[in-house]
Amino acid sequence: MSAISLRGYTVLRAGRASFLLHRRSALAAGGLLLALAATVVASLCLGESAVPPAEVLKVVLGQPSPHELVVGEFRLPRVVVGLLVGTALGLAGALIQTVARNPLASPDVVGVSWGATSVVVGLMAYGVVDSTGQVPYAAVAGGLVAGLLVYALAWRRGLHAQRFVLIGIGISVALSSLTSVFLTKGDGFQAQAAKVWMTGSLNGSGYDQAGWLAWVLLAAVPVALWAARAQRSISFDDATAVGLGLRLDRIRLGMALLGIVLASCAAGAAGPVDFVALMAPQIALRLTRSAQIPLLCSALTGALVVVLADLLARRLLAPTELPVGVVTGLVGAPYLMWLLIRSRTPFRRGGS
């Protein structure tokens, strides 16, 4: 393997294959991995009973430990689900923002999360869904339908980024109102359970949720690699892309569909965890200072945000545990206002 250095980039060559590596992105990814590992260990250590880091590592590595029940059975499944949900949300947000060319776009804003919420709340409030095992399927179906509806309505001889965001906001408002109707008209007990789900929580999460979400992320890896390469094409304006022979409509459809699927699956596993998909890509973009939103760093940032928020949710008001969505909402709402005030252009850095 050989390497050629360019300004800010390194070209890696292995035989006939070559890869363009953004050096600052690689450093940022390494730093995020270290921060994520430290946060995971801290989350496994801290609780009603503190566990030494050495014992946590023993449990994670499968070695005998007296803390195997607390760490391995109670805390580790929850952390794993948080990692997977955050990864899916961070990647989904990066893809949606790339397609929309707008830092304010995310699955929360363009209707995906509210689609999942309205379907789950409606089915729970009227007793159609009465099992926690059925909730993920309902959430995934609702998110997919809402996301594809927004995409179809925004299509007019091609996808227009501004129309995509505006229609998504309109669909979100409509679905929010529909959700309120379900909560007020449905069965009171079932509606209360639906309200708990709406906050977005990792309480009671286990390997049942982690298993299928891990398979979804694994299946998404090839498409994500394609999307990372296609980002350079989608950053061109439509006239330039047509002149270069690029099929922007197919690229945008593929990236949007992957983002919608990932966001819907994340909602199915933990409920609507707000603002993670909005914050993670922009934090990653500022860390890497790259021309396009870095997908890997966005995924790592999303995982870090969710695991850290869940740790704060468990320990801030201990022994009372808050839903993780409450913490991300408290942080994300001011961040959204700051982003609205600071943003002067539809998208930073050349519309990527």
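Scroll up to find the structure this text is about.
1. Notes on the overall build of the protein chain
Per the secondary structure count, the protein chain includes 13 helices and 3 strands. Evaluated residue by residue, the protein chain yields a buried proportion of 50% over its 352 residues. Restricting the contact set of the protein chain to residue pairs at least 6 apart, pairs at least 24 apart contribute 72%. Only carbon and sulfur atoms are counted for the fraction: they give 66% of the accessible area of the protein chain, which is about 16,900 Å².

2. A word on the pattern of salt bridges
In total, this model carries 4 salt bridges according to the counting rule given. The partner of Asp-310 in a salt bridge is Arg-78, and the shortest N-O contact between them spans 2.8 Å. Here Asp-310, found in helix 12 (residues 295–315), pairs with Arg-78, found in helix 3 (residues 68–100); they are 232 residues apart in sequence, far enough to count as distant. Residue Arg-78 is classed as buried on the basis of its relative accessible area, which comes to 9%. A salt bridge links Arg-78 to Glu-321; its shortest N-O distance comes to 3.0 Å. A residue pair is termed long-range when its members are at least 10 positions apart, and Arg-78 in helix 3 and Glu-321 in the loop between helix 12 and helix 13 (324–342) qualify at 243 residues. With a relative accessible area of 38%, Glu-321 lands in the partly exposed category. Put simply, Arg-78, Asp-310, Arg-314 and Glu-321 are held in one network by salt bridges that share partners.

3. Here we look at a nonpolar patch on the surface
Taken together, Trp-215, Leu-218, Val-221 and Leu-225 make up a surface patch of nonpolar side chains, about 470 Å² in accessible area. With respect to the secondary-structure elements, Leu-225 resides in helix 8 (residues 207–234).

4. Details of the environment of Leu-175
Looking at the secondary structure, you find Leu-175 in helix 6 (residues 161–185). Residues Leu-175 and Gly-111, spaced 64 residues apart in sequence, show a C-alpha to C-alpha distance of 7.7 Å. Those residues in contact with Leu-175, other than ones at most four positions away along the chain, are Gly-111, Trp-114, Gly-115, Ser-118 and Ala-146.

5. Description of unusual backbone geometry
Positive phi values are uncommon outside glycine, yet Phe-275 reaches one of about 75°. Note on placement: Phe-275 falls in the loop between helix 10 (248–270) and helix 11 (276–288). Under the relative-accessibility criterion, Phe-275 is labelled buried at 19%. Residue Arg-289 is not a glycine yet carries a positive backbone phi of 55°.

6. Let's talk about the nonpolar core
In this structure, Val-85, Leu-89, Leu-91, Leu-95, Phe-164 and Leu-262 are the most contacted members of the largest nonpolar core, which totals 63 residues. The set of elements that each furnish at least two residues to this core consists of helix 3, helix 5 (135–154), helix 6, helix 8, helix 10, helix 11, helix 12 and helix 13. It is helix 3 that provides the largest number of residues to this core, a total of 12 residues. Counting residues in hydrophobic clusters, the runner-up holds 19 residues, among them Leu-32, Leu-36, Leu-44 and Ala-303.

7. Quick look at the packing of aromatic side chains
A complete count under the given rule lists 2 aromatic pairs for this structure. Seen in terms of ring centroids, Tyr-151 and Phe-164 are 6.3 Å apart; in terms of plane orientation they differ by 75°. Their pairing is edge-to-face. Note that Tyr-151 is positioned in helix 5 and Phe-164 in helix 6, a separation of 13 residues in sequence. Given the relative accessible area of 1%, Phe-164 is considered buried. Counting every residue linked through ring pairs, the aromatic cluster contains Tyr-151, Trp-155 and Phe-164.

8. Some words on empty space enclosed by the protein
Throughout the structure, instances matching the rule amount to 1 cavity of 30 Å³ or more. Ranked by residues supplied to the lining of the largest cavity, first place goes to helix 10 with 3 residues. Among the residues forming the lining of the largest cavity, the class breakdown is 6 nonpolar, 2 polar and 1 charged.

9. Brief notes about the packing of helix 4 (residues 112–125) against helix 6
The relative placement of two packed helices is expressed as an angle between their axes plus a distance between the axes. Two elements in contact, helix 4 and helix 6, have axes separated by 9 Å at closest approach and are oriented at 15°. Relative to helix 6, the element helix 4 is oriented roughly parallel. Helix 6 is crossed by helix 4, and the crossing has left-handed handedness. Two secondary-structure elements touch here, helix 4 through Trp-114, Gly-115, Thr-117, Ser-118, Val-121, Gly-122 and Ala-125 and helix 6 through Ser-172, Leu-175, Ser-176, Thr-179, Phe-182 and Leu-183. Here the residues of the contact of helix 4 with helix 6 sort into 6 nonpolar, 7 polar and no charged.

Cut-offs applied
- Residues numbered from 1 in each chain as written.
- Predicted model: local features only at pLDDT ≥ 70, side-chain atom pairs only at ≥ 80, totals over all residues.
- Heavy atoms only, no water.
- Helix = DSSP H or I, 4+ residues; strand = E, 2+ residues; numbered from the N terminus.
- Buried < 20%, exposed > 50% of the residue type's maximum accessible area, 1.4 Å probe, protein only.
- Contact = heavy atoms within 4.5 Å.
- Areas by Shrake-Rupley, 256 points an atom, 1.4 Å probe, with all protein chains shown as cover.
- Salt bridge = Lys/Arg side-chain N within 4 Å of Asp/Glu carboxyl O.
- Patch = residues over 30% accessible without salt bridge, like charges linked within 9 Å, V, L, I, M, F, W, Y side chains within 5 Å.
- Core = buried A, V, L, I, M, F, W, Y, C linked by side-chain atoms within 4.5 Å.
- Phe/Tyr/Trp six-rings, centres within 6.5 Å; stacked < 30°, edge-to-face > 60°.
- 1 Å grid on protein atoms, 1.4 Å probe; cavity = no way out; pocket = protein on both sides within 12 Å on 5 of 7 lines; lining within 4 Å.
- Points joined across faces, edges and corners; volume = space filled by probe spheres on them.
- Nonpolar A, V, L, I, M, F, W, Y, C, P; charged D, E, K, R; others polar.
- Axes fitted to C-alpha atoms, helices over the stretch in contact; angles between N-to-C directions.
- Parallel < 35°, antiparallel > 145°, perpendicular 65-115°, else oblique.
- Left-handed = near helix turned anticlockwise from the far one by under 90°.

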